[in-house]
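Survey of secondary and tertiary structure
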Amino acid sequence: MKFDADGAYRLHPKVAIRPEPFGALAYHYDNRRLNFLRAPELVALIESLSDHDSVRQAFRAAGIESHRWPAFETALASLAESEVLVPS
Amino acid sequence: MKSGLDAPICLTWELTYACNLQCVHCLSSSGQRDPRELSTVEAEAVIDEMARMQVFYVNIGGGEPTIRPDFWHLVDYAVDRGVGVKFSTNGSRIDAEVARRLSESDYVDVQISIDGADAETNDSIRGEGSFETATTAMGNLREAGFGDFKISVVMTRHNIAQLDEFAALAERYGAQLRLTRFRPAGRGAETWHELHPSNDQQVELYHWLLDRPEVLTGDSFFHLSALGEPLPGLNLCGAGRVVCLVDPIGDVYACPFVLHPDFRAGNVRDSGGFASIWRQSDLFTEMRQPQSAGACATCGQFDACQGGCMAAKFFTGIALDGPDPECVNGFGEDLVVVNSAGPAGGPDHSRPTPVRLGGRR
């Protein structure tokens, strides 16, 4: 399914996230894949996703400047692709 | 990544040196139990610490880990605390009932080791009857509906020709294939010259892997990335940075392939435990400093292969900043000065029976 920044997403229940100096690591216990989150803000953002009706709303609430949205959307799309994020 | 992580990504824990097999390439020279093995309570404390460090999963091996009477208890203990378990086994304890129980957990993964796609090739490395044992276990996992367990193969001169057969075998059992590099560690130091792949075989393996990104390698073959397009993965030596090993008596080593005093960072029984070894030990701190390209600095491929595997160099007597003994450009082979056991002093738990390569030469 194509990633939709106007849709609502949440963290997959079988994914664990651990902060690291470069950002965070996300491990998926279903497909056993490790994902690198290479921006420290990404962790808080991902954790806040379930509180919002859309990804863009979460960007706004997190105070992420609009010129950075495309980069964050790309990152989140790839996380949705590997099922770290799922539509809610 | 090169400066280290708060917790290891790939943490191997060899629970016991006891093993019912005596494979000729065993990295840890396993066979007999070490009487100083961690007790159940001590092992639980190690798991508690992993849970606090948010270690995602631990790779349990040995020896044959299922020989420990508290093995299943420790697996449950880890999973209950959010630490996933992948364990490597020769399959001897994976009967139908165990397979059924394993298939009920989403947080336990099983890796069955074989080293040949047929009994003859496999048993010459792992011992008489071991192929039968492993395939019986695989059948039990398939029947139990376990899903994609792993079939793990160490690549040698005798099995690289069987790559397609391994893939077919994995498919037949609904398993995922995992190929790893043979290293001259433990008893592997004694059999290195007879078993390590030729350069032509390395090239064959490289192209086979490039065509099959779904085959797991544990980043084992990054030295082959010097042949062209990089293989999938981090393509670096993770020793002490993203990888480490805890041995049965609690000694912590930089990676699973360097069970040698020079690469021992501490013991989990020391005050501060595993976390302080991982985060602060002198050895790991040093390993996280930028490393010199040494003799490889002038080679155009250094960025691709990073000089190869530290353990492979160490146990073949090559300087750590020298080329890998299996450098695809051939810069390493003439430097291999040790033809059997490498630097002496690694622990040996072999049973007092001679280890011989059977059948195939």
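Structure: see above.
Let us look at the structure shown here. For clarity, every value in this text was computed on a predicted model and none was experimentally measured.

This part is about the overall build of chain B. Across its full length, chain B holds twelve helices and nine strands. For 361 residues, the compact-globule formula gives about 21 Å, and the C-alpha radius of gyration of chain B, at 19 Å, lands near that figure. Principal-axis analysis of the C-alpha atoms gives chain B an extent of 55 × 50 × 40 Å. Taking all 361 residues of chain B together, 58% fall into the buried category. As displayed, chain B offers around 14,400 Å² of accessible surface, 49% of which is attributable to carbon and sulfur atoms. Here chain B contributes 30 positive and 49 negative side-chain charges, whose respective centroids are spaced 3 Å apart.

Residues and elements named next belong to chain B. In the contact formed by helix α1 (residues 40-52) and helix α2 (residues 71-80), the axes pass within 10 Å of each other and the chain directions differ by 25°. Classed by the angle they form, the pair α1 and α2 counts as roughly parallel. Taken as a pair, α1 and α2 cross one another with a handedness that is right-handed. Contacts from Thr40, Ala43, Glu44, Ile47 and Asp48 of α1 reach α2 at His73, Leu74, Tyr77 and Ala78. Tallied by class, residues from the contact of α1 with α2 come to five nonpolar, two polar and two charged.

On to the pattern of salt bridges. Once the charged atoms of two side chains with opposite charge are near each other, the side chains can pair. The tally for this structure, following the rule as stated, stands at 22 salt bridges over all chains. Measuring nitrogen to oxygen at the nearest pair gives 2.9 Å for the salt bridge that ties Arg18(A) to Glu20(A). Its relative accessible area of 1% is what places Arg18(A) among the buried residues. Classification of Glu20(A) by relative accessible area gives buried; the value is 6%. Close ionic contact of Asp70(B) with Arg68(B) constitutes a salt bridge, the shortest N to O distance being 2.7 Å. Since its relative accessible area comes to 6%, Arg68(B) is described here as buried. Residues joined by salt bridges that share partners form a network here, namely Arg33(B), Glu37(B), Arg68(B) and Asp70(B).

The next point concerns the sheet that holds strand β4 (residues 34-37) of chain A. All names here are of chain A. Pairing is antiparallel across the open sheet formed by three strands, whose spatial order is β2-β3-β4. With one partner strand each, in any of the chains shown, β2 (15-20) and β4 form the two edges of the open sheet. With direction set aside, neighbouring strand axes in the sheet form an average angle of 20°. One ladder, built from six bridges, connects β2 with strand β3 (residues 23-28); its direction is antiparallel. Across the sheet, residue Val15 finds its bridge partner in β3, namely His28. Together, β2, β3 and β4 form the strand contacts of helix α1 (residues 40-48), whose direction differs from that of β3 by roughly 50°.

Our next topic: the layout of surface pockets. Residue and element names in this part refer to chain B. Taken as a whole, the second largest pocket spans an internal volume of roughly 560 Å³. As for the second largest pocket, its lining consists of 24 residues, of which Arg241, Gln291, Ser292, Met310 and Leu320 are closest to the centre. Of all elements in the fold, only α10 (282-287) and α12 (310-315) reach the threshold of two or more residues within the lining of the second largest pocket. The dominant element in the lining of the second largest pocket, judged by the number of residues it contributes, is α10, at three residues. Considered class by class, the residues forming the lining of the second largest pocket number eleven nonpolar, seven polar and six charged.

Aromatic ring pairs are described here by two measures, namely the spacing of the ring centres and the angle between the planes. The full count for this structure, using the stated rule, is 15 aromatic pairs over all chains. The interplanar angle of 20° and the centroid separation of 5.5 Å between the aromatic rings of Tyr27(A) and Phe56(B) together place this pair among those described as stacked. Taken together, the residues span two chains, with Tyr27(A) in strand β3 and Phe56(B) in the loop between α1 and β2 (57-62). Between the aromatic rings of Tyr27(A) and Tyr57(B), the centroid separation amounts to 4.8 Å while the plane-to-plane angle is 35°, which identifies the pairing as tilted. Of the two residues, Tyr27(A) sits in strand β3 while Tyr57(B) sits in strand β2, which places them in two different chains. Overall, the relative accessible area of 2% leaves Tyr27(A) in the buried class. Taken together, the ring pairs connect Tyr27(A), Tyr29(A), Phe56(B), Tyr57(B) and Tyr107(B) into an aromatic cluster. The ring of Tyr57(B) is capped by Lys86(B), whose NZ or CZ atom sits 4.3 Å from the centre of that ring.

Quick look at the interface of chain B and chain A now. The interface is formed by 20 residues belonging to chain B together with 15 residues belonging to chain A. Summing both sides of the interface, chain B and chain A together bury roughly 1,500 Å²; the carbon and sulfur share of this comes to 59%. It is Phe56(B), Asp106(B) and Tyr107(B) that lose the most area in chain B upon contact with chain A, and together they represent 39% of the buried surface on that side. Measuring nitrogen to oxygen at the nearest pair gives 2.8 Å for the salt bridge that ties Asp106(B) to Lys14(A). If you look at where chain B meets chain A, you find eight residue pairs in polar contact (both at pLDDT 80 or more). Those elements giving two or more residues to the side of chain B that touches chain A turn out to be β3 (84-89) and β4 (108-113) of chain B. A per-class count over the side of chain B that touches chain A returns twelve nonpolar, three polar and five charged.

Cut-offs used in this document
Residues numbered from 1 in each chain as written. Chains lettered and ligands numbered in written order. Predicted model: local features only at pLDDT ≥ 70, side-chain atom pairs only at ≥ 80, totals over all residues. Heavy atoms only, no water. Helix = DSSP H or I, 4+ residues; strand = E, 2+ residues; numbered from the N terminus. Rg over C-alpha atoms; globule rule 2.2 N^0.38 Å. Buried < 20%, exposed > 50% of the residue type's maximum accessible area, 1.4 Å probe, protein only. Areas by Shrake-Rupley, 256 points an atom, 1.4 Å probe, with all protein chains shown as cover. Lys, Arg positive; Asp, Glu negative; His and termini not counted. Charge placed at Lys NZ, Arg CZ, Asp CG, Glu CD. Axes fitted to C-alpha atoms, helices over the stretch in contact; angles between N-to-C directions. Parallel < 35°, antiparallel > 145°, perpendicular 65-115°, else oblique. Left-handed = near helix turned anticlockwise from the far one by under 90°. Contact = heavy atoms within 4.5 Å. Nonpolar A, V, L, I, M, F, W, Y, C, P; charged D, E, K, R; others polar. Salt bridge = Lys/Arg side-chain N within 4 Å of Asp/Glu carboxyl O. Pairing = 2+ DSSP bridges. 1 Å grid on protein atoms, 1.4 Å probe; cavity = no way out; pocket = protein on both sides within 12 Å on 5 of 7 lines; lining within 4 Å. Points joined across faces, edges and corners; volume = space filled by probe spheres on them. Phe/Tyr/Trp six-rings, centres within 6.5 Å; stacked < 30°, edge-to-face > 60°. Lys NZ or Arg CZ within 6 Å of the ring centre and 35° of its normal. Buried area = accessible area lost by both parts, 1.4 Å probe. Polar contact = N/O pair within 3.5 Å; in protein donor to acceptor, adjacent residues only side chain to side chain.

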